[in-house]
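Structural overview
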Amino acid sequence: MAKRSGSPEIVPNPFIKKRNLQWSIDITGLPHDAASSSSSDDGVEPWRRQEEEKPPTTAAIEAGKTEIDDHLNFFSALLAKTTLSPFPSGTPHLSVESYRKLYEANVGSPQGAHFIIHQHDHPIAGTHYDLRLQINETSSASWAIMYGLPGDPNSFRLNRNATETRVHCLWNHLIETGSHATGSVLIWDTGTYTILPIQSSYSRDDSQSSADEENSTPELTEPQKLHQAFAARKIRLQLHGTRLPSTYVLNLRLTREEDAAGRARSTRIPKTRRRRGAPTTLSLSDRVTRSSAKGKKRTRAAEPSTSSDSEPEPEPALTPSRPNKGTGGDHDDADDTVYAPAEGDGGREISATERELRELEDEEVRRTNAYPGATNSVGSVHQRRWYLSLDREASGFAKRRRDGRVVWESTDVRPARTARGDREVRDGGKGARADGGGDGDASTRLTYPFYVRGVEHERSVVTGRLGSEVLRDEGVVGYVGRKGWQAILK
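Keep in mind it's a predicted model, so treat the numbers as computed, not measured. (Residues numbered from 1 in each chain as written. Predicted model: local features only at pLDDT ≥ 70, side-chain atom pairs only at ≥ 80, totals over all residues. Heavy atoms only, no water.)

**Here's the deal with helix α5 (residues 96-104)**
Here is the rule we go by: Throughout this description, buried means an accessible area under 20% of the type-specific maximum (1.4 Å probe, protein chains only), exposed means over 50%, and partly exposed covers the range between. The helix count covers DSSP runs of H or I at least four residues long, the strand count covers runs of E at least two residues long, and both are numbered beginning at the N terminus. Throughout, a residue-residue contact means that at least one pair of heavy atoms, one from each residue, lies within 4.5 Å.
Every buried residue of α5 is listed here: Val96, Ser98, Tyr99, Arg100, Leu102 and Tyr103. Where α5 is buried, its residues touch α4 (71-82), β1 (114-122) and β7 (183-195).

**What about the side chain of His240?**
Counted only if it meets this: Pairing of N or O atoms within 3.5 Å defines a polar contact, subject to two protein rules: one partner must be a possible hydrogen donor and the other a possible acceptor, and residues neighboring in sequence count only if both atoms are side-chain atoms.
Examined against the element boundaries, His240 turns out to sit in strand β8 (residues 234-240). Given the relative accessible area of 3%, His240 is considered buried. Polar contacts involving the side chain of His240 include one to the side chain of Thr194, which spans 2.7 Å.

**A short note on the pattern of salt bridges**
Filter applied, for reference: Put simply, a salt bridge is a Lys or Arg side-chain nitrogen that is within 4 Å of an Asp or Glu carboxyl oxygen.
Tallied over the entire structure, the rule returns 15 salt bridges. With a closest N to O distance of 3.5 Å, Glu222 and Lys225 form a salt bridge. Of this pair, Glu222 and Lys225 both sit in helix α7 (residues 222-232), 3 residues apart, which is roughly one turn of that helix. Look at Lys225 and you get partly exposed, because its relative accessible area is 25%. Here Arg402 and Glu409 are joined by a salt bridge, their closest N and O atoms 2.9 Å apart. Residue class for Glu409 comes out partly exposed when judged on its relative accessible area of 24%.

**As for the packing of α4 against α5**
How we decide: The axes used here are C-alpha line fits, helices contributing only the stretch in contact, and every angle between their N-to-C directions lies in the interval 0 to 180 degrees. Any angle between 65 and 115 degrees counts as roughly perpendicular, while under 35 counts as roughly parallel, over 145 as roughly antiparallel, and the rest as oblique. Handedness of each helix crossing follows the sense of rotation of the near helix against the far helix: counterclockwise by less than a right angle gives left-handed, clockwise gives right-handed. As a working rule, the residues Ala, Val, Leu, Ile, Met, Phe, Trp, Tyr, Cys and Pro are called nonpolar, Asp, Glu, Lys and Arg charged, and the rest polar, with Gly in that last group.
With their axes 10 Å apart at the nearest point, α4 and α5 run at an angle of 160 degrees to one another. One finds that α4 runs roughly antiparallel with respect to α5. Pair α4 / α5 crosses with right-handed handedness. Note on element contacts: α5 touches α4 through Val96, Tyr99, Arg100, Tyr103 and Glu104, opposite Leu72, Asn73, Ser76, Leu79 and Ala80. For the contact of α4 with α5, the residue count by class is 6 nonpolar, 2 polar and 2 charged.

**A look at the packing of aromatic side chains**
Formally: In summary, the pairing rule links any two rings of Phe, Tyr or Trp, Trp by its six-membered ring, whose centres are within 6.5 Å, and it sorts them by plane angle into stacked for under 30 degrees, edge-to-face for over 60 and tilted for everything else. A ring is scored as having a charge over it whenever the NZ atom of a lysine or the CZ atom of an arginine sits within 6 Å of its centre and within 35 degrees of its normal.
One pass over the full model with this rule turns up 11 aromatic pairs. Between the aromatic rings of Phe74 and Phe75, the centroid separation amounts to 5.2 Å while the plane-to-plane angle is 90 degrees, which identifies the pairing as edge-to-face. Judged by centre distance (5.9 Å) and plane angle (90 degrees), the ring pair of Trp143 and Trp386 falls under edge-to-face. Placement of Trp143 in strand β3 (residues 139-145) and of Trp386 in strand β10 (residues 385-390) is noted, with a sequence separation of 243 residues between them. Using a relative accessible area of 0% as the deciding quantity, one classes Trp386 as buried. Taken together, the ring pairs in this structure connect Tyr248, Phe397, Tyr448 and Phe450 into an aromatic cluster. The ring of Trp188 is capped by Arg243, whose NZ or CZ atom sits 5.0 Å from the centre of that ring.

**Some details on the side chain of Ser95**
Here Ser95 is to be found in the loop between α4 and α5. For Ser95, a relative accessible area of 15% translates into the label buried. Of the polar contacts made by the side chain of Ser95, one reaches the side chain of Ser98; its length is 2.9 Å.

**Details of unusual backbone geometry**
Put simply, Ser85 and Pro86 share a cis peptide bond, and its omega is 0 degrees. In this structure, Gln383 takes a positive phi of about 65 degrees despite not being glycine. Residue placement: Gln383 occurs in the loop between α10 (352-368) and β10. If you check the backbone angles, Asp403 has positive phi at about 55 degrees while not being a glycine. Mapped onto the secondary structure, Asp403 falls in the loop between β11 (397-402) and β12 (405-410). Residue class for Asp403 comes out exposed when judged on its relative accessible area of 82%.

**Quick notes on the environment of Tyr448**
Tracing the backbone through its elements, the reader meets Tyr448 in the loop between α11 (419-422) and α12 (467-473). Sequence separation of Tyr448 and Ser410 is 38 residues, and the distance between their C-alpha atoms is 8.7 Å. Ignoring anything within four residues of it in the chain, the contact list for Tyr448 reads Gly151, Pro245, Thr247, Tyr248, Leu390, Ser395 and Phe397.

**Considering the pairing of strand β4 (residues 159-164)**
The buried count for β4 comes to 6 of 6 residues, which makes it a mostly enclosed element. Because side chains alternate across β4, one face comprises the buried residues Asn159, Asn161 and Thr163, and the other comprises Arg160, Ala162 and Glu164, equally buried.

**Some details on the environment of Thr57**
Topologically, Thr57 is positioned in the loop between α2 (46-53) and α3 (58-62). With a relative accessible area of 45%, Thr57 lands in the partly exposed category. As a C-alpha pair, Thr57 and Glu474 span 417 residues in sequence and 7.9 Å in three-dimensional space.

Pasting the structure below:
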């Protein structure tokens, strides 16, 4: 076999200049080398470092997908950045600096008694108002109220359903956020609360009984009083806020029946149902079997859904039913329940490991009824339905008969403020008002009668924004909220 001859020489390219052929490439000293060397020292890749430097969204922090160390400074800076200037006229205003002092005076303190009312326009649960009361140094108990707080002593719908929800971390009091999954959340009112003794028709004179209580029992902090009232299922509290009237007292009570029903619902294992449109993992034979079994059961009456079906599972939660047309009474608003919706992934596929971790976390949340980082120190039970009403006598009203009917009239044109409402915070307040009044104008405070009017009318007391403006600032476009919410105006 003949040996293959050598390859002919490559013909030089006539279009390349000879001096350009003298260039050489030195791969040492390139910018990526310095970056890689520095990244190797830190153990972090450059692209990952850029991701870490990107500021997290409020929705990601609120959902627990991102963790930060300093919630106060992070959210204070965000609130200051998004505060409208000039501030809308006629809106109660608590400056960010005053709100920082109010929060610092309560967080981490055993005497802390901070409260907040969030206006929450959720795409599934609809518009409702979240009342949160501080129960310890780091956490707050929470109730969802569909139509907001009552403000007319002569209203036909004086009572509200207050649905118990998860125990939240106290830093949630700082949040104004918005996303497609959760809707808009803004600060409707905030301040401190005072737990008042329960009045009994068989008790003696109030001044004498209160004096006896002070002499016989040691001084309790407001969270300790709240813990006792919570265990007794009767809470009487005064809210010292920025928007609410200066004398505003509420009654929260839980019947034995609702207590037992709520505890039974909380121990029930939620059903796992496939989201509409989601891919199924069932085989063809399984689908045929299930469809035939479903056909046999069509003659049976449909079972009513319960609130336990709305636990954090892939299926969206139950939605609140239509308003009751009742005209008063403790149970007129029995269908005003706000069910906590599930937080889905927007159709995103997740790994089996991540799904297992989420299920374990959800199980722990259901067991403790507290979000990660929060402590359920009062024994809160998920989705128990409390009854909330305005304490008309304590709020400065007296019963009188006018034109043959009983009406409630104010006993004073300008009700006197309580001692706690007027005094300064003693420990660490730095000038912050105990009632959350801060630097707000008293003329913008609500007066009786007042009505909660919803997301299209009410603005944040801190930033002055509407819910739609919160969504805009969070970059949410095309949000569609639940329709049908109507304010109670009678």
